[in-house]
Structure formats: structure tokens, C-alpha cells
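Now for the letters of each chain:
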Amino acid sequence: MNIEQLRDYCLSLPETTEDFPFDDVTLVFKVCGKMFALTTIDEHPLSMNLKCDPELAIELREKYECVTAGYHMNKRLWNTIVLNGEMKESEVTQWIDHSYDEVVKKLPKADRERLQNKTGRMK
């Protein structure tokens, strides 16, 4: 997965926005103003931080060499995934969806219900 594919996939999720709140190279994806993914656009290989259920975060770190505790993030809730080909693209998109869902679960009820109706998930 390259930066264009990553960006296109993240922006395909309902009500996702993107911005550069930290600097000119750290691209952040948010849903309802809450961050669910970030990447540095000039890294090779590309890596991204994704929010994750704490128990699942540990399982992923044990299963994949390319997954580590979130760089500059809460290590319990965030993983960094290096997109070096170890994970299939379908697995990466699955974890992006999971991160998005983890953030949506914590949103106010009205936002949660609106997004659940758009995605058909998290019910």
C-alpha cells in the first residue's frame, strides 16, 4: 500500500477529514474531529499509527514484526504498522477500519448513530 492508496482508503470512510496539524509531513485522518490514523508522507517504507483495542494491539505486535507500540502515542491504545509488505493490503484496511471503529465508539451518541447508519458496522 502506498501513500495514495492509504489516503484514498481512509478518506473513503464516512465523514473522514485529513489535515497536517503537527507539521508539513504528518498526515492525520480524523472522524468527527478525532484522530484514527496518522502517517508521515515522506517515510520509506511508509508507516502509519492506528488506534487499537489494547488486547488486540498486543496480539498484533506478537504476530507481526512490522507492528510495534505506537510511536509518540499511547502505547497501550496505538500501534505503528510499517507497510513493508509483511501484512496483506486487506489486513491493513481491516486495521484501518478497526481504528476508525474504535474512535467512533467513543463519540457522542448522535454522532455514533449517524456513522453507524452510514457504515453498517459497530451495532
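Note that the structure is a prediction, hence the values are computed from the model and not measured.

Enquirer: When you look at the packing of helix α3 (residues 89-105) against helix α4 (residues 109-119) in this model, what are you seeing that I'm missing?
Expert: Two quantities define a packed helix pair, namely the angle between the axes and the distance from one axis to the other. Between α3 and α4, the least distance of the axes is 9 Å, while the angle of their chain directions is 150 degrees. Classified by the angle their axes make, α3 and α4 are roughly antiparallel. For α3 against α4, the interelement crossing comes out left-handed. Residue-level contacts link Tyr100, Val104 and Lys105 of α3 to Arg112, Leu115 and Thr119 of α4. Tallied by class, residues from the contact of α3 with α4 come to three nonpolar, one polar and two charged.

Enquirer: Please explain the state of the cysteines as it appears in this structure.
Expert: A covalent bond between the sulfur atoms of two cysteines is referred to as a disulfide. Tallying each qualifying case throughout the model produces zero disulfides. Of the cysteine sulfurs around Cys52, a residue in no disulfide, the closest is that of Cys66, at 13 Å.

Enquirer: Explain the environment of Phe20 to me, please; I cannot follow it from the model alone.
Expert: Position of Phe20 among the secondary structure elements: in the loop between β1 (16-19) and β2 (26-31). Through-space distance from the C-alpha of Phe20 to that of Thr119 is 26 Å; in sequence the pair is 99 residues apart. Those residues in contact with Phe20, other than ones at most four positions away along the chain, are Val25, Thr26, Leu27 and Ile41.

Enquirer: Looking at this structure, how should I read the pattern of salt bridges?
Expert: Should their charged atoms come close, side chains of opposite charge can pair. In this structure the tally under the stated criterion is six salt bridges. When the shortest N-O distance is used, the salt bridge between Lys30 and Asp19 registers 3.7 Å. Taken together, the residues Lys30 in strand β2 and Asp19 in strand β1 connect sequence positions 11 residues apart. The exposure class assigned to Asp19 is partly exposed, which follows from its relative accessible area of 29%. In this structure, Glu113 engages Lys109 in a salt bridge whose closest nitrogen and oxygen atoms are separated by 3.9 Å. Highlighted residues: Glu113 and Lys109, both in helix α4, separated by four residues, approximately one helical turn. For Glu113, a relative accessible area of 39% translates into the label partly exposed. Owing to a relative accessible area of 54%, Lys109 belongs among the exposed residues under this scheme. Linked through salt bridges whose partners overlap, the residues forming this network are Glu15, Asp111 and Arg114.

Enquirer: Just checking my understanding: could you explain the packing of aromatic side chains for this structure?
Expert: For any pair of aromatic rings, the description consists of the separation of the ring centres together with the inter-plane angle of the planes. With the rule as written, the count across this model stands at one aromatic pair. The interplanar angle of 90 degrees and the centroid separation of 5.3 Å between the aromatic rings of Phe36 and Tyr100 together place this pair among those described as edge-to-face. Of this pair, Phe36 sits in strand β3 (residues 34-40) while Tyr100 sits in helix α3, and the two are 64 residues apart along the sequence. Each member of the pair, Phe36 together with Tyr100, is buried.

Calculation criteria
Residues numbered from 1 in each chain as written. Predicted model: local features only at pLDDT ≥ 70, side-chain atom pairs only at ≥ 80, totals over all residues. Heavy atoms only, no water. Axes fitted to C-alpha atoms, helices over the stretch in contact; angles between N-to-C directions. Helix = DSSP H or I, 4+ residues; strand = E, 2+ residues; numbered from the N terminus. Parallel < 35°, antiparallel > 145°, perpendicular 65-115°, else oblique. Left-handed = near helix turned anticlockwise from the far one by under 90°. Contact = heavy atoms within 4.5 Å. Nonpolar A, V, L, I, M, F, W, Y, C, P; charged D, E, K, R; others polar. Disulfide = S-S within 2.5 Å. Salt bridge = Lys/Arg side-chain N within 4 Å of Asp/Glu carboxyl O. Buried < 20%, exposed > 50% of the residue type's maximum accessible area, 1.4 Å probe, protein only. Phe/Tyr/Trp six-rings, centres within 6.5 Å; stacked < 30°, edge-to-face > 60°.

No statement about biological role is implied by the geometric values presented.
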